[in-house]
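# Inside the fold
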Amino acid sequence: MSNDPNQKRKLADDVRDLMALPGEVHVDALEKKWIFVALGLMGLFVTIILYTGFAKHVHPPGEMETIDSARLHLSAEFAEDRLGVATQPDGRIKVTLVAARYGFYPREIRIPAGQPITFRVASADVLHGIHVPMTNMATMVVPGYVSTLTTTFPKPGEYPMLCNEYCGMGHDHMWSKVTVVSQESWRAGNPQSAGR
Ligand code: CUA
């Protein structure tokens, strides 16, 4: 650094300018307008969060359910012969899946459209994600935890169920098939759920 006194004075002035109190800062009228717009948006978002939380009961997942990923095959719920689609005694439909490199097991599921389906998914090894494109069926599957989500598929059709968290070399090939059928064909194919 030079010892020139003029340069030193200039530096001191610059520092003083930089440390000017906020009250002395000039705020342009247009800038002020945008500050109000930004504050208004923040207020709007907070209002939406409070409204959906209190009036609509939309909450982040609150329950934390743990499971031993290495012993899934011995667990009551995720043993191999318990996996798949099951109609509960109360008529609700539950789908139990294991995510493991590289697939979701069972590899194919068949479910009805237009009725809430509860998915319960556990990973047998590493972090996976489960996602059915064009629907809101998507969640992470973290080893050691059970992921639960309930959703309704509005339209019959065949959907791929993909892994959307990188889990290894076979990640790109990790997918299973979801067949969503109409209520009529569901009842025809599953007499035990007819009349419900
Ligand atoms: Cu499983 Cu990517």
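Details of the structure are given in the entry above.
About the cut-offs
- Residues numbered from 1 in each chain as written.
- Predicted model: local features only at pLDDT ≥ 70, side-chain atom pairs only at ≥ 80, totals over all residues.
- Heavy atoms only, no water.
- Salt bridge = Lys/Arg side-chain N within 4 Å of Asp/Glu carboxyl O.
- Helix = DSSP H or I, 4+ residues; strand = E, 2+ residues; numbered from the N terminus.
- Phe/Tyr/Trp six-rings, centres within 6.5 Å; stacked < 30°, edge-to-face > 60°.
- Buried < 20%, exposed > 50% of the residue type's maximum accessible area, 1.4 Å probe, protein only.
- Expected span 1.5 Å × (residues − 1).
- Polar contact = N/O pair within 3.5 Å; in protein donor to acceptor, adjacent residues only side chain to side chain.
- Patch = residues over 30% accessible without salt bridge, like charges linked within 9 Å, V, L, I, M, F, W, Y side chains within 5 Å.
- Areas by Shrake-Rupley, 256 points an atom, 1.4 Å probe, with all protein chains shown as cover.
- Core = buried A, V, L, I, M, F, W, Y, C linked by side-chain atoms within 4.5 Å.
- Contact = heavy atoms within 4.5 Å.

## Some thoughts on the pattern of salt bridges
Scanning the model with the defined rule gives eight salt bridges in all. Between E77 and K94 there is a salt bridge, with its nearest N and O atoms 3.1 Å apart. Of this pair, E77 sits in the loop between α2 (29–54) and β1 (84–87) while K94 sits in strand β2 (residues 93–100), and the two are 17 residues apart along the sequence.

## Here we look at the packing of aromatic side chains
All told, the structure shown has two aromatic pairs when counted by the stated rule. Where F119 meets F153, the ring centres are 6.3 Å apart and the plane angle is 75 degrees; that geometry is what we call edge-to-face. Linking F119 in strand β5 (residues 117–123) with F153 in the loop between β8 (146–151) and β9 (157–162), this pair joins segments that are 34 residues apart in sequence. The two residues F119 and F153 agree in class, both being buried. Ring centres of F153 and Y159 lie 6.0 Å apart, and the angle between their planes is 45 degrees; this geometry places the pair in the tilted category. An identical accessibility class is assigned to F153 and Y159; each is buried. Taken together, F119, F153 and Y159 form an aromatic cluster joined through their ring pairs.

## A word on α2
For an α-helix, the turn length of 3.6 residues means that residues three or four places apart are oriented alike. Taking 1.5 Å per residue, 26 residues should reach 38 Å; α2 reaches 37 Å between its end C-alpha atoms and fits that length. For α2, the capping residue at the N-terminal end is D28, with a side-chain oxygen 3.0 Å from the backbone nitrogen of L30.

## Brief notes about a nonpolar patch on the surface
The grouping of L30, W34, V37, L41, L44, F45 and I48 at the surface amounts to a nonpolar patch, some 700 Å² of accessible area in total. Its place among the elements puts L44 in helix α2.

## As for the nonpolar core
The biggest cluster of nonpolar side chains holds 26 residues, and the ones touching the most others in it are L97, I111, F119, I130, F153 and V178. Elements represented by at least two residues in this core include exactly β2, β4 (108–112), β5, β9 and β10 (175–181). The element that contributes the greatest number of residues to this core is β2, accounting for four residues. Among all residues touching I130, those that are not within four sequence positions of it are L97, F104, V121, M137, A138, T139, V141, M161, L162 and N164.

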